Amino acid sequence: MEQKKELDRKTLFFYGLADMPIQMAAIPVAAFIPNYYGQDLGLSIAAVGTIWLLTRLFDAVSDPLVGWLSDRTKTRWGRRKIWMVLAVPILMLAIYKLFIPVAPVTEAYLLIWLVALWTGWTMLFIPYYAWAAELSEDYNERTRITGWRAWIGMAANVISKVVPVLAIFLFDYGGTEETLLLVGLMTLILLPLTVGLTVSMVPEKKDFRPAKVSLLPGLRIMMKNNPFKRLVVAFFINQLGSAISTALVVFYIRNVLAEQQSSILMLLVYYGFALIGIPFWISFSAKVSKHRTWCLALGLFGFFQMGYLFLGPGDFYYMLPITACTGFLGATFWVIPNSMKADVIDIDRLESGEDRTAWFFAVWSFTTKLALSIGPFIALSLLAFFGFQPGAG
């Protein structure tokens, strides 16, 4: 069946809505949860880093399994939507437990609810992102699809940062615990609403040839896709660097810059400029090519990150111009790799004659979460190794 080259804006808008709670929760999990549990709730930072790593062992099984099952699922609602709906209650419970814990908490508590969080995340993320590759077969249209999704998700991300910032400046209500409470409540409200609108308003492709190869042979076939393997390695390196800096940023602001309340303001600046950057990089990549755009932005991102080395106590507001630059450049991380991923998946579809999109997205999801676990593990383990004591000055 021949597809339209361009999807209408209504479809793009409603498809992008489900990314809102994903993006709202992602950064607090990566930046605030390690700091909150390690500095405020009394867990050792080495234990927090180890727990982050252990939860990824579970994903080594769950991610490819969900991708494989999603590709083979047959319901009257489609093969992607049903998984997204089932993920909602799991995610809501895990977010509530992690974002609004009742002290005292233990290492086992953090481990259990992180596993629950990543389980729900896998069930939502893999089918949802695989669905994007099936909305269009056009090279540039896929960048447009991921661009809309990234922009809508980023807008929610920015809004979720605006509310805590306003609470700080208008009501003097702020800090790590307060930020997690506010963002957690907003995510819990938006999660069922946005996923419900996406699955009810966006039609899912029905004329696909489901995968018939069993799980392990299918994974071996998938690993013969060399462009996909190169892209995954590059993306992993990108995500690992981001994960290390994200895990450390709240520790850096609170303990190096000596600013206890305004970490969320830094994140607002970062994601606000990322929001501005997304449409620019979509247009730029159409003229220059996707991989050159990504390489350029990564190089400049690393250059500006070095500016943080020259800051000290009381320099929080000097940090913000650097943050604005990295946010604008970091917008490429949400758009370009995801668009390139859909392109290289086409190689497998052409060679096999089967649609195994979710398998590839499962590997992609596992790569993302592996970086998001190894990064904090490396960062927090190094802090512990060098004897860092949160709040000690």
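For the structure itself, look to the data block above.
Summary of the structure given here. Not measured: the values here are computed from a predicted model.

Describing the overall build of the protein chain
What the protein chain contains, in helices and strands, is 14 helices and 0 strands. Its helices and strands taken in sequence order, the protein chain reads α-α-α-α-α-α-α-α-α-α-α-α-α-α from the N to the C terminus. Whereas a compact globule of 393 residues would reach a radius of gyration of roughly 21 Å, the protein chain reaches 20 Å, a difference of no more than 12%. In terms of overall dimensions, the protein chain has C-alpha extents of about 65 × 45 × 40 Å along its principal axes. When burial is assessed residue by residue, the protein chain has 58% of its 393 residues classed as buried. In the protein chain, 86% of the contacts between residues at least 6 apart in sequence involve partners at least 24 apart. Surface summary for the protein chain: the accessible area is close to 16300 Å², and the carbon and sulfur share equals 70%. Across the protein chain, the centroid of the 32 positively charged side chains sits 7 Å from that of the 26 negatively charged ones.

Considering unusual backbone geometry
In the Ramachandran plot, A258 falls in the positive-phi region, its phi being about 60° despite a non-glycine side chain. Its place among the elements puts A258 in the loop between α9 (226–255) and α10 (263–288). One non-glycine residue, S289, lies in positive phi territory at about 110°. For S289, the location among the structural elements is in the loop between α10 and α11 (290–305).

A closer look at the nonpolar core
By size, the foremost hydrophobic cluster in this structure holds 119 residues, and its most contacted members are Y37, F99, L110, L117, M266 and M319. If you tally residues by element for this core, the top one is helix α5 (residues 107–135), at 19 residues. Filtering out sequence-adjacent residues up to four positions away, L110 remains in contact with I33, Y37, L43, V48, I51, W52 and L98.

Focus on the packing of aromatic side chains
In this structure the tally under the stated criterion is 19 aromatic pairs. Each ring, one from Y36 and one from Y37, has its centre 5.8 Å from the other, and the planes form 85°; the classification is edge-to-face. Here Y36 and Y37 have matching classes, each one buried. Considering the side-chain rings of Y252 and Y308, the 6.1 Å spacing of their centres and the 50° angle between planes classify their relative orientation as tilted. Taken as a pair, Y252 in helix α9 and Y308 in the loop between α11 and α12 (316–330) lie far apart in primary sequence, 56 residues in all. With relative accessibility at 14%, the residue Y308 sits in the buried group. Among the aromatic residues, ring-to-ring pairing joins Y15, F125, Y128, Y129 and W131 into one connected group. Positioned over the ring face of Y129 is R149, at 3.7 Å from the centre of the ring.

A short note on the packing of helix α3 (residues 45–72) against α5
A pair of packed helices can be characterised by two numbers: the angle between their axes and the separation between those axes. At their nearest, the axes of α3 and α5 sit 9 Å apart, and the two run at 30° to each other. The angle between α3 and α5 falls in the class roughly parallel. The crossing of α3 and α5 is right-handed. Of the residues contributing to the contact of α3 with α5, the split by class is 15 nonpolar, 6 polar and 4 charged.

Some points on the environment of D346
On the secondary structure map, D346 appears in helix α13 (residues 332–352). Taking the relative accessible area as the measure of exposure, D346 reaches 18% and is therefore buried. Residues D346 and F99, spaced 247 residues apart in sequence, show a C-alpha to C-alpha distance of 39 Å.

Conventions and cut-offs
Residues numbered from 1 in each chain as written. Predicted model: local features only at pLDDT ≥ 70, side-chain atom pairs only at ≥ 80, totals over all residues. Heavy atoms only, no water. Helix = DSSP H or I, 4+ residues; strand = E, 2+ residues; numbered from the N terminus. Rg over C-alpha atoms; globule rule 2.2 N^0.38 Å. Buried < 20%, exposed > 50% of the residue type's maximum accessible area, 1.4 Å probe, protein only. Contact = heavy atoms within 4.5 Å. Areas by Shrake-Rupley, 256 points an atom, 1.4 Å probe, with all protein chains shown as cover. Lys, Arg positive; Asp, Glu negative; His and termini not counted. Charge placed at Lys NZ, Arg CZ, Asp CG, Glu CD. Core = buried A, V, L, I, M, F, W, Y, C linked by side-chain atoms within 4.5 Å. Phe/Tyr/Trp six-rings, centres within 6.5 Å; stacked < 30°, edge-to-face > 60°. Lys NZ or Arg CZ within 6 Å of the ring centre and 35° of its normal. Axes fitted to C-alpha atoms, helices over the stretch in contact; angles between N-to-C directions. Parallel < 35°, antiparallel > 145°, perpendicular 65-115°, else oblique. Left-handed = near helix turned anticlockwise from the far one by under 90°. Nonpolar A, V, L, I, M, F, W, Y, C, P; charged D, E, K, R; others polar.

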